[in-house]
Amino acid sequence: MTSETPSVVSAGDGDSLGDSTNSLVHPRGTSYTHGSITSTDKDEHEGTEGNTEDGEENVEALGSTGSVVAKSVAEEGEDDGEDEEEDDEDEGDEEPTLKYERMTGPINDLLRKDSISSIAVSNKLVAVGTHGGIVHVLDMSGNRIKSYKPHQASIIDMEMDSTADFVATASIDGQVVIQSLSTQESYMFDMKRPIRTVALEPNFAKKSTRAFICGGLAGKLVLREKGWLGHKESVLHSGEGPIWNVRWRSHLIAWTNDLGVKIYDTRSQMRITYIERTPDSPRADLFKSTLHWQDDTTLLIAWADHIKVARIRARPRTAATSANANLPPLIVEVTAVLQLDCMISGILPHPMTHSAPKNENGSIASRTTLTSFLVLAYEPPDDFEDEMTDDRARQARKTADRPELRIISPTGEELSADALNVTGYQSWGCNDYLLAEVEMGGNETERCYIVGSPKDIVFVRPRDRKDHIAWLVERQRYEEALDEAEKLSEDEQTSGSAGYEIDVVSIGERYLRYLVGEGDFVKAARLCPKVCGHDVKRWEDWIFVFAQNRNLQAVIPFIPTDAPQLSHLVYEMILGYFISHDKEALLRTIRDWPKSIYDMSSVIVAIQSELERIPMSSSLKTSSADAVWLMECLADLYTANRQPGKALQYFLRLRRPNVFELIRENNLFTDVKDQVLLLVEFDQELNGKRKEEGAATTQDRSEAISMLVDHTHSIPVDRVVQQLRARPFYLFLYLDTLFKKDQNLASDFADVQVKLFAEFATSRLIEYLRASSYYNLEAAYNICKDRDLVPEMVFLLGRMGNNKQALTLIIERIGDVQQAIEFAKEQNDDDLWEDLLKYSETRPTFIRGLLKNVGAEIDPIRLIRRIKNGLEIPGLQEALIKILHDFQLQISLLEGCRRILNGDCSDLARIRQKGQNSGFFLSEKAVCPLCTELLRRSPQDLLLLFLCRHVVHASCIDEIDNISRHIDAGLDVNLRVSPAHDVSTKIAFASVVRAKILHGCPVCHQRGDGC
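Bear in mind the structure is a predicted one, so any value in this text is a computation, not a measurement.

Thresholds applied
Every chain is numbered independently, its residues counted from 1 as its sequence is written. For a predicted model such as this one, the threshold for reporting local features is a pLDDT of at least 70, and the threshold for listing and counting side-chain atom pairs is 80 or more; totals across whole chains, interfaces and linings nevertheless cover every residue. Each side-chain value is worked out from all heavy atoms of the structure, with water and hydrogens disregarded. Helix numbering and strand numbering both begin at the N terminus, where a helix is a DSSP run of H or I of at least 4 residues and a strand a DSSP run of E of at least 2. The length a helix should cover is 1.5 Å for every residue beyond the first. Categorising residues by exposure relies on relative accessible area from a 1.4 Å probe, with only protein chains included: less than 20% of the type maximum marks a residue as buried, more than 50% marks it as exposed, and the intermediate range marks it as partly exposed. Contacts described as polar in this section are N or O atom pairs within 3.5 Å, which, within protein, must combine one atom able to donate a hydrogen with one able to accept it, while residues neighboring in sequence count only if both atoms come from side chains. Pairing of aromatic rings covers Phe, Tyr and the six-membered ring of Trp, with a centre-to-centre limit of 6.5 Å; geometry is then stacked below 30 degrees between planes, edge-to-face above 60, and tilted otherwise. Comment: axis = line fitted to C-alpha atoms, over the contacting stretch for helices; angle = value between 0 and 180 degrees taken between N-to-C directions. An angle below 35 degrees is read as roughly parallel, one above 145 as roughly antiparallel, one from 65 to 115 as roughly perpendicular, and any other as oblique. Each crossing gets its hand from how the near helix is turned against the far one by less than a right angle, where anticlockwise is left-handed and clockwise is right-handed. Working rule for contacts: check all heavy atoms of both residues, and any pair within 4.5 Å makes them a contact. Under this grouping Gly is polar, as are all residues other than the nonpolar Ala, Val, Leu, Ile, Met, Phe, Trp, Tyr, Cys and Pro and the charged Asp, Glu, Lys and Arg. Two strands pair if DSSP finds at least two bridges between them. Two cysteine sulfur atoms make up a disulfide if the distance between them is within 2.5 Å. Remark: nonpolar core denotes a set of buried residues (Ala, Val, Leu, Ile, Met, Phe, Trp, Tyr, Cys) joined through side-chain atoms within 4.5 Å. Each residue carries a pLDDT score, the predictor's own confidence in it, on a scale running from 0 to 100.

**So, helix α9 (residues 504–518)**
Argument step 1. The terminal C-alpha atoms of α9, which comprises 15 residues, lie 21 Å apart, in line with the 21 Å expected from a rise of 1.5 Å per residue.
Argument step 2. For α9, the set of buried residues is Val504, Ile507, Gly508, Tyr511, Leu512, Leu515 and Val516.
Argument step 3. The N-cap of α9, judged by a side-chain oxygen 3.1 Å from the amide nitrogen of Val505 a few residues on, is Asp503.
Argument step 4. Once α9 finishes, Gly519 follows within two positions and takes phi at roughly 85°, a positive value.

Here it is, written out as structure tokens:
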């Protein structure tokens, strides 16, 4: 079967990500390789074994059966070939599985005049054998570690032990050389005939036997091992043609010759299987065979265009018979036979994560790790069946195609295929290419393979997450790439085998440019925080991109205001956009953003300019929504800019409840003087709302009016009155409150206040007329007359001195006797009483009222005498009885009061006399209140005691300097006189002293209390 020629398409990961594989790989679409899986159960093996002489023939039959099945499947697969082209178109955008890197460094100089013939890899060292017989040992970076020349001809095969210390080489010069890289130990064996293959025993460096196995054109498989007397040679197999390949693992040795593959067990020292070549296979030397031990029990066989998988297991235990007594303890199953559409230059197992197909409900099953086959494929340009033709044109060698590295699933499905652009591929054949595996620690992402050609060494690695990201970026799948890049840790972004760094920001910017180009500004805006991060310049550049594309509103919600903080011009540009397009968003932004990130003065000027274009009114209800938003903005900005005075007018227009707190906290009373009407209107609206809500409120508690009245020093009264004249009710409230605080403050507007009381508070007008003396009486009377306010007119007439007219109004309009009497009492005018009595002579009601209210102002006799004979007065008897009773009660009260007064005076006189005559205690330390010295300075000191109980030295009083003479004459203690004479003497002396003291007690006189 043939396959399509690989399309020459660059598989690079994008120039910006530094891909180094563009010149190496040409990926091709996924296709399907026809093959089959052949397996036999236990009964089939046992039945077959019973008819054979040894286990080897059993496996040959099994291999033949597998080949036949493979062919039939291949024939059936041809019918499906037509569907491959349709699948290739759908899968052409499938992500590559592998990535490639050409080895650089000294290798280019080493191969300038030579070419590679074999490769061995171990412990991250690469040993390269050349056609010149030279071995170069390199590290994974291409640095040469050691070079030596063990052969004179091409090195066909070579192997390194697990420690990378020993290198075994086989050459067509007939020699096998084993060389230690760290010591002088070396072995050379001349096999006389060209050697095609060599294999070291496992753990060669650790074993003393130093065993190896080799074979070549001599047709012998030779085992050599070191003993006491040198190396001993044992021939394990011969007589079936050249030995083309041999591989040794654990206790199993596998080799190929012209007939097929054989496996030898070193434990039992028996051949355990024979797997014959596929019938009609090309000549064995044209397309090399490849053996690779996947593990201790699995052997991968690739020869020409066929792949076989052989698994070794223990022979089932059966009853011992003579027929199976000599059978080997192991048997082999060929579990898979695959035929490809190309020749195979090398095969290796390749574990990879595989997604199971979708379930019926559309969900994807869990991902599992399967072992696929990594195949180095070669499509020969010639038809090898025509190699014996005489046609020179057909004999001429044709240009070869690029080799391909394919991944084949165990079921035969081709998962990926990459054409390798190796140097000089047009001239190389299938046997010129090599495939080796590098052990990198077991991690799938760290696996590494080596593809060798005569002039190149190419490292092949599974693509990691960084490569996946690069692939997504190349195909403009930026969102997926960005998500994957964010999942990488910082170490993964800056390290790895890819050799380049994953820059999340760079990917994000490419994604942004893509979205902007597609016109998806909303999605691009959401991406900006992730891409721009803390880079101020990058933020500003992208914001201007959105502005230039007239989609600034998309990115505004994502613009940072802190960490990082952008230029104030950016924020002002955004606010300017909101001023023109979205006033509500402008207010939200101003409240959310810190005020320090932009110039508030510039923003205020711009908002005021916009507000001036909008018609406004003092009422919030009639203002447009845009005007309200702008006023809200100005109020907030002025407040934040520490200009509450300028914010006040907007707070008032917006009816902010906290306007009064703002005024008080910032002492804005001076600013209020021009906003009086707005302030009062706002306050009245608040009171109205409270009334609607059922809250208790009164006009007397108007907060605005109280504020205006309490701060008249900052808010002049005349300016308030001037602004409130257009709203008389508000003016009334203000003047009324002002008058209650201080009448003098409202004196200039008394006439206005009379009119306002008459209009808005008629019931309180009389109170104001009585309390105030600043209004014009005549003007006030005219106002009351116009409104027919009789009580007020009576009061004003009384104030003007027109008592008779006032009394007439009371009698004729009001008809209230009591009020007429009270009015006469207030005026205290006998003529007025006379008029009242005269008016009452013909009115029994007034007479009865006067009789009930007789007192000091009305003499009852005078009133009774005026009663005409025959005038019927209802209630006259009761009125007279009341008068007599009242006079009797008055006389009784007067007598009682007199008796009480006399008793109180007598009691108080006795108390006073007792108090003045009684003695009191005087201590030795008592001092004179005048001189502040002790009273008893000497026995000769004369002391004066006053009724107020002040005791002073007689010498401290200026008026009685010569009082001592009277003391000698009348108060000599040595003189014996009668008691009567003693008393009279004291009285006389006291009279003399009293006469000399003009102001009584000097202490009380100084205090102003009197004696």
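**With respect to the packing of aromatic side chains**
Argument step 1. The full count for this structure, using the stated rule, is 17 aromatic pairs.
Argument step 2. Where Phe189 meets Phe212, the ring centres are 5.0 Å apart and the plane angle is 40°; that geometry is what we call tilted. With a gap of 23 residues between them, Phe189 in strand β11 (residues 186–190) and Phe212 in strand β13 (residues 212–216) connect regions that are remote in the sequence.
Argument step 3. Pairing Tyr768 with Tyr775 gives two aromatic rings, centres 6.0 Å apart and planes at 35°, and the pair type is tilted.

**Quick word on the packing of helix α7 (residues 478–487) against helix α10 (residues 521–532)**
Argument step 1. The geometry of α7 relative to α10 is characterised by a closest axis approach of 13 Å and an angle of 20° between their N-to-C directions. When the axis of α7 is compared with that of α10, the two are roughly parallel. With respect to the hand of their crossing, α7 and α10 are arranged in left-handed fashion. Judged by residue contacts, Glu479, Leu482, Asp483 and Glu486 of α7 engage Lys523, Leu527 and Lys530 from α10.
Argument step 2. Counted by class, the contact of α7 with α10 contains 2 nonpolar, no polar and 5 charged residues.

**Some remarks on the sheet that holds strand β16 (residues 245–249)**
Argument step 1. Spatially, the 4 strands line up as an open sheet ordered β16-β17-β18-β19, and their pairing is antiparallel. Every interior strand has two partners, whereas the edge strands, β16 and β19 (270–276), have only one. Sheet twist, expressed as the average angle between the axes of neighbouring strands with direction ignored, equals 15°.
Argument step 2. With 6 bridges connecting them, strand β18 (residues 260–265) and β19 associate as antiparallel partners. Bridge pairing in β19 places Asp265 opposite Met270.

**Some details on the sheet that holds strand β5 (residues 125–130)**
Where strands meet in a sheet, backbone hydrogen bonds hold them as pairs that are either parallel or antiparallel.
Argument step 1. One open sheet holds the 4 strands; their spatial order is β4-β5-β6-β7, and the pairing between them is antiparallel. Looking at strand neighbours, the two that pair on one side only are β4 (116–122) and β7 (144–148), the edges of this open sheet. Averaged over neighbouring strand pairs, the angle between their axes works out to 15° when direction is ignored.
Argument step 2. As judged from the 6 bridges shared by β4 and β5, these two strands associate in the antiparallel manner. When the sheet's bridge partners are listed, Ile119 is paired in β5 with Val128.

**Digging into helix α6 (residues 465–474)**
For the α-helix, the turn length of 3.6 residues means that residues three or four positions removed from each other point alike.
Argument step 1. In terms of burial, α6 is largely enclosed, as 7 of its 10 residues are buried.
Argument step 2. Turning to α6, its buried residues number three or more, namely Lys466, Asp467, Ile469, Ala470, Trp471, Leu472 and Val473.
Argument step 3. Taking the backbone nitrogen of Lys466 as reference, a side-chain oxygen 3.2 Å away marks Asp464 as the first, capping residue of α6.

**So, the state of the cysteines**
Covalent bonding between the sulfur atoms of two cysteines defines a disulfide.
Argument step 1. One pass over the full model with this rule turns up 0 disulfides.
Argument step 2. A disulfide-free cysteine, Cys342 has its sulfur positioned 8.7 Å from the sulfur of Cys430, the nearest such atom.

**Looking at the nonpolar core**
Argument step 1. Membership of the largest hydrophobic core comes to 131 residues, with the highest contact counts inside it found for Tyr598, Ile607 and Tyr734.
Argument step 2. Examining the composition of this core, we find that 9 residues originate from one element, helix α16 (residues 625–640), more than from any other.
Argument step 3. Ignoring any residue separated from it by four or fewer positions in sequence, one finds Ile607 in contact with Ile579, Leu586, Ile590, Leu630, Cys633, Leu634 and Leu637.
Argument step 4. One finds Tyr100, Leu405, Val422 and Tyr433 within the second-largest nonpolar core, a separate group that totals 25 residues.

**Some words on the pairing of strand β21 (residues 298–303)**
Looking along a regular strand, one sees the side chains alternate between the two faces of the sheet.
Argument step 1. Judged by how many residues are buried, β21 sits mostly within the fold: 6 of 6 residues are covered.
Argument step 2. Residues Thr298, Leu300 and Ala302 of β21 are buried on one face, and the alternating residues Leu299, Ile301 and Trp303, pointing to the opposite face, are buried as well.
Argument step 3. Bridging between strand β20 (residues 289–295) and β21 involves 6 bridges; their strand directions are antiparallel. The partner of Trp293 across the bridge, within β21, is Leu299.

**Points about the side chain of Lys99**
Argument step 1. Turning to its location among the elements, Lys99 is positioned in strand β3 (residues 98–102).
Argument step 2. Within the local environment of Lys99, its side chain forms a polar contact with the side chain of Asp467, the two groups lying 2.6 Å apart.

**What about the confidence of the model for the protein chain?**
Argument step 1. Summing up the model confidence of the protein chain, the mean pLDDT is 79 and the portion of residues at 70 or higher is 75%.
Argument step 2. The weakest mean pLDDT in the protein chain belongs to helix α2 (residues 55–78) at 34; the strongest belongs to strand β9 (residues 166–171) at 97.
Argument step 3. A low-confidence stretch, residues 965–971 stays under pLDDT 50, and its non-local contacts, those more than four residues away or across chains, total 10 contacts.

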